[in-house]
Amino acid sequence: MTCTVPMGNRYPCDRPLYDGERCIFHSARIDKDLDLVNRELEALVRQDQPLDCTSFILPEKVRTFEGQTFSWDVSFRHAVFLGFCGFPGAQFVGKADFTGAQFTRAEFAEAHFGGAALFARCQFLGDTTFAGARFQDMVSCHHTHFAGPMNFSQTRVTGRADFSRAEFASVALFTGARFRTGVNFAGTQFQRKAGFNRARFADEVYFSETKFPGGLEGENETGADMTEVSFERPEKAHFYLVDAGRLSFLKTQLRKVDFTDVMWSRRKNGRAALWDELRQEGAKDYAEVARLYRQLRANFEQEGDHRAAADFRYGQMEMQRRNVGGGNPAGRFLNRTFSLLTCYKALSDYGENPTRAATWILVTLVLFGLLFAVAGFSGGPVERGGDDVLALIGAGLQASVAAFTLQPGYLAASLSDFGHWLAMLERVIGPLLLIVWGFAVVRSAR
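Right, let's walk through the structure included here. In this text the structure is predicted, and so the values were computed from the model without any measurement. (Residues numbered from 1 in each chain as written. Predicted model: local features only at pLDDT ≥ 70, side-chain atom pairs only at ≥ 80, totals over all residues. Heavy atoms only, no water.)

## Considering the nonpolar core
Of all hydrophobic cores here, the largest spans 95 residues; its most connected members are Phe76, Phe98, Phe108, Phe174 and Phe196. Secondary-structure elements contributing two or more residues to this core are helix 1 (34-46), strand 5 (80-86), strand 8 (102-107), strand 26 (205-208), strand 29 (237-240), strand 33 (272-273), helix 3 (286-303) and helix 4 (306-322). Counting residues in hydrophobic clusters, the runner-up holds eleven residues, among them Phe377, Ala395, Leu415 and Ala423. (Core = buried A, V, L, I, M, F, W, Y, C linked by side-chain atoms within 4.5 Å. Buried < 20%, exposed > 50% of the residue type's maximum accessible area, 1.4 Å probe, protein only. Helix = DSSP H or I, 4+ residues; strand = E, 2+ residues; numbered from the N terminus.)

Okay, here's the thing in C-alpha cells:
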C-alpha cells in the first residue's frame, strides 16, 4: 500500500505509508518523526527536477530553506506549514507555486523569484514578510488572507502584481515597493492601517472598490498612508468606489489621477475635505495640503464635475487662509481672523455660496437703513423725531438703497453729517458686496 494523495501532476503520491493511511509528508500526525521529514525533504530538494510538495503537512521546526537555490519549478500547493516557514534569501529560478498553502509564520525576505510567484488563496495566520524580495515575473496574492502583519516593503516587482480580493486583517506595509507594470488592488480589504509611503507605480494601478479603514475605529489614525507615492503614469491610477476619508496623500502628485465615486471626509458644512487637513496627528503643512486641493480641483474641473471642484477649491482657499507662518500665536490668530480671505469666506464661502452673499446684501441694506432713520437725516421728507416711525424707517431704507446703488444725489440735502458719512461708507461696501454676489452666482451656475 502506498499514499494516494494527488500530487501536482494529479497522480497519487505513491510514497510508502507512514501512519497506515498516508506517507510521512501527507500524514496529519503532529508528532511525526521530524528527523525523517527533514531527511526526506532534503533528498527531494537535491533532486535535479521540479520540486513537487503538493499538500505536504510540514511540522513545527521543520528545516528552513534560507539561501536555498531552486533551479526548477517549485510547488507547495495546498501545503500546510505548522511552524515557521523560512525562505529568506532563497532563489526561485522557475515558477514558485504556493497556491492555497497555509502558513503559521512565513518569511520570504530578500528572496528572488525568477518565474511567476503564486500565493493565491493562501492563508497567512501570523507575521509575514516579503521585505526586499525581487519578483522578475508576476506575483499573485488573489483572494489571499493575511491574519497577521504583512511586510511587502522595499520589494521590486517586474511583472504584474495581483492583490485583488486579498484581506489584510492587520497592518500591511508596502513602503518603498516598486511596481514596474500593472498592480491590481480591486476588492482588497485593509482592515487595519496600510502603508504605501514612498511606493512607486510605474504603470496602471487599480484601487477599485478597495476597502480602507473607515471612521468608526481609531478615528484619529490614518487609514492608509500614501505619502510620497509616485504614480508615474497618473492617468492610469484609478480610485473607484473607495472610502478616502482617512487616506493621506501628502507629497504625492495627484494631478490626472482618476477619482471616481470616491467618498471623502466631510466638513461641518458638508463639503468634501482631505484627511490631511482634518486629521489630528501632528502639525499640518497647510501649503502642501493646499497643493493637493489645487490638483484635485483641476482634475474635477477637467472632468466637468464642478460640484466636486468647488469643494476642493474651498479647501484650497481655506488652507491658504490658514497658512500664516512666523510671529507669535496672537499674531497668527489676528492674521487669520481679520485677513481678506477670512472676509471672503464670511461673505460667500470663498465665492461658492451666493445665498450667503445675498444675505449680506440684505443685512447691509437694512442695517444702514436703520442707521439713516436713527441719525442720518437733518430734515427732509420726514422730520426727525416725528410720530410716523414707519415713514422714517422707509425713508432710511430708500436712502440706504440709493447709497448702495451709487445714486449720490438722492436725498442729499436731507442728510446730516453722520448721514453723509454713512452714505459714503455704503457706496464703498455696496459695489464690493454686489461683485462678491455676482461672482458667486456665476460659479454656482456652472
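## Remarks on the packing of aromatic side chains
Ring pairs (aromatic) are described by centroid distance and by the angle formed between their planes. For the structure on display, the rule yields 65 aromatic pairs. Each ring, one from Phe103 and one from Phe124, has its centre 4.6 Å from the other, and the planes form 5 degrees; the classification is stacked. With Phe103 in strand 8 and Phe124 in strand 11 (residues 123-124), this residue pair connects regions lying 21 residues apart in the sequence. Of the residues examined, Phe103 reaches a relative accessible area of 1% and is grouped as buried. (Phe/Tyr/Trp six-rings, centres within 6.5 Å; stacked < 30°, edge-to-face > 60°.)

## Topic: the sheet that holds strand 28 (residues 230-231)
With respect to topology, eight strands assemble into an open sheet ordered 3-6-9-13-17-21-25-28, the strand pairing being parallel. On the outer flanks of this sheet lie strand 3 (69-70) and strand 28, each paired with one strand and no other. Both strand 13 (residues 134-135) and strand 17 (residues 156-157) contribute to a ladder of two bridges, which runs parallel. Looking at the pairing, Phe135 lines up with Val157 of strand 17. (Pairing = 2+ DSSP bridges.)

## Notes on the packing of helix 6 (residues 340-348) against helix 9 (residues 417-444)
Running from N to C, helix 6 and helix 9 cross one another at 65 degrees; their axes reach a closest spacing of 10 Å. Judged on the interaxial angle alone, helix 9 and helix 6 are roughly perpendicular. You can see that helix 6 and helix 9 cross each other, and the crossing is right-handed. Facing helix 6, whose interface residues are Tyr344, Leu347 and Ser348, helix 9 presents Leu433, Val436 and Phe439. For the contact of helix 6 with helix 9, the residue count by class is five nonpolar, one polar and no charged. (Axes fitted to C-alpha atoms, helices over the stretch in contact; angles between N-to-C directions. Parallel < 35°, antiparallel > 145°, perpendicular 65-115°, else oblique. Left-handed = near helix turned anticlockwise from the far one by under 90°. Contact = heavy atoms within 4.5 Å. Nonpolar A, V, L, I, M, F, W, Y, C, P; charged D, E, K, R; others polar.)

## Focus on the side chain of His238
Within the secondary structure layout, His238 lies in strand 29. Leaving out residues up to four positions away in the same chain, His238 has contacts with Val205, Tyr206, Phe207 and Asp258.

## Quick word on the pattern of salt bridges
Tallying each qualifying case throughout the model produces 21 salt bridges. Among the ionic pairs, Glu235 bridges to Arg233, the shortest N-O distance being 3.8 Å. Residue class for Glu235 comes out partly exposed when judged on its relative accessible area of 41%. With a closest N to O distance of 2.8 Å, Arg321 and Glu318 form a salt bridge. (Salt bridge = Lys/Arg side-chain N within 4 Å of Asp/Glu carboxyl O.)

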